[in-house]
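Observations on the three-dimensional arrangement
Next come the chains, spelled out residue by residue.
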Amino acid sequence: MSDIPPDLTWERAAPPDATGPGPWIEIAFGEGDDGEAPVYIRETSDPDNVVTTNRRKWDAFVLGVQAGEFDHFVEGVEEAADPTAPGNGPHA
């Protein structure tokens, strides 16, 4: 983790009403404002494991999320997480 600046400001991607330690994803933006400026990503449960990308790729990812390009990865997740959803009870 020696290449990670120690003075980053980490922003937690969690709902405003979220409580507890998560785990949550955290994002920090490195110095610079061009497309090659670094973006750091980590999970709160393993903060020493940091993934690095650049601002151009991060912006493309965010636009893809907003456009629904990754929705197929979470199909059925809400239903599976909700024990009261039809088909998810103890007798399902």
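This part takes up the pattern of salt bridges. Working definition: two side chains of opposite charge can pair if their charged atoms are close together. Evaluated as defined, the whole model comprises four salt bridges. With its nearest N and O atoms 3.0 Å apart, the salt bridge here joins Glu 26 to Arg 12. Of this pair, Glu 26 sits in strand β2 (residues 25-29) while Arg 12 sits in strand β1 (residues 11-13), placing them 14 residues apart in sequence. Between Arg 56 and Glu 36 there is a salt bridge; the shortest N-O distance is 3.4 Å. Of this pair, Arg 56 sits in helix α1 (residues 55-66) while Glu 36 is found in the loop between β2 and β3 (38-43), placing the two residues 20 residues apart along the sequence. For Arg 56, a relative accessible area of 47% puts it in the partly exposed group.

A separate point is the side chain of Arg 42. With respect to the helices, strands and loops of the structure, Arg 42 is situated in strand β3. Of note is the side chain of Arg 42, whose polar atom sits 2.7 Å from the side chain of Glu 26. Leave out the neighbours within four places in its chain, and Arg 42 touches Trp 10, Trp 24, Ile 25, Glu 26, Pro 47, Asn 49 and Val 50.

Moving on, we get to the packing of aromatic side chains. Applying the stated criterion across every chain, the model contains three aromatic pairs. Seen from their ring centres, Trp 58 and Phe 61 are 5.6 Å apart, and the 40° between their planes marks the pair as tilted. Placement of the pair is Trp 58 and Phe 61 together in helix α1, with a separation of three residues, close to one helical turn. With relative accessibility at 39%, the residue Phe 61 sits in the partly exposed group. Consider the rings of Phe 61 and Phe 70, whose centres lie 5.4 Å apart with planes at 45°: the pair is tilted. We classify Phe 70 as partly exposed; its relative accessible area is 31%. Among the aromatic residues, those joined into a cluster by ring pairs are Trp 58, Phe 61, Phe 70 and Phe 73. The ring centre of Trp 10 lies 3.9 Å from the NZ or CZ of Arg 42, which sits over that ring.

An order of β1-β2-β3-β4 is seen for the four strands of this open sheet, with the pairing classed as antiparallel. Bordering the open sheet on either side are β1 and β4 (46-54), each of which pairs with just one other strand. On average, each strand axis in the sheet is tilted by 30° relative to the strand beside it, whichever way the strands run. For β1 and β2, the ladder comprises three bridges, and the chain directions are antiparallel. Opposite Arg 12, over in β2, you have Glu 26 as the bridge partner. In the packing of α1 onto the sheet, the strands contacted are β2, β3 and β4, and the crossing angle to β4 comes to about 95°.

Cut-offs applied
- Residues numbered from 1 in each chain as written.
- Predicted model: local features only at pLDDT ≥ 70, side-chain atom pairs only at ≥ 80, totals over all residues.
- Heavy atoms only, no water.
- Salt bridge = Lys/Arg side-chain N within 4 Å of Asp/Glu carboxyl O.
- Helix = DSSP H or I, 4+ residues; strand = E, 2+ residues; numbered from the N terminus.
- Buried < 20%, exposed > 50% of the residue type's maximum accessible area, 1.4 Å probe, protein only.
- Polar contact = N/O pair within 3.5 Å; in protein donor to acceptor, adjacent residues only side chain to side chain.
- Contact = heavy atoms within 4.5 Å.
- Phe/Tyr/Trp six-rings, centres within 6.5 Å; stacked < 30°, edge-to-face > 60°.
- Lys NZ or Arg CZ within 6 Å of the ring centre and 35° of its normal.
- Pairing = 2+ DSSP bridges.
- Axes fitted to C-alpha atoms, helices over the stretch in contact; angles between N-to-C directions.

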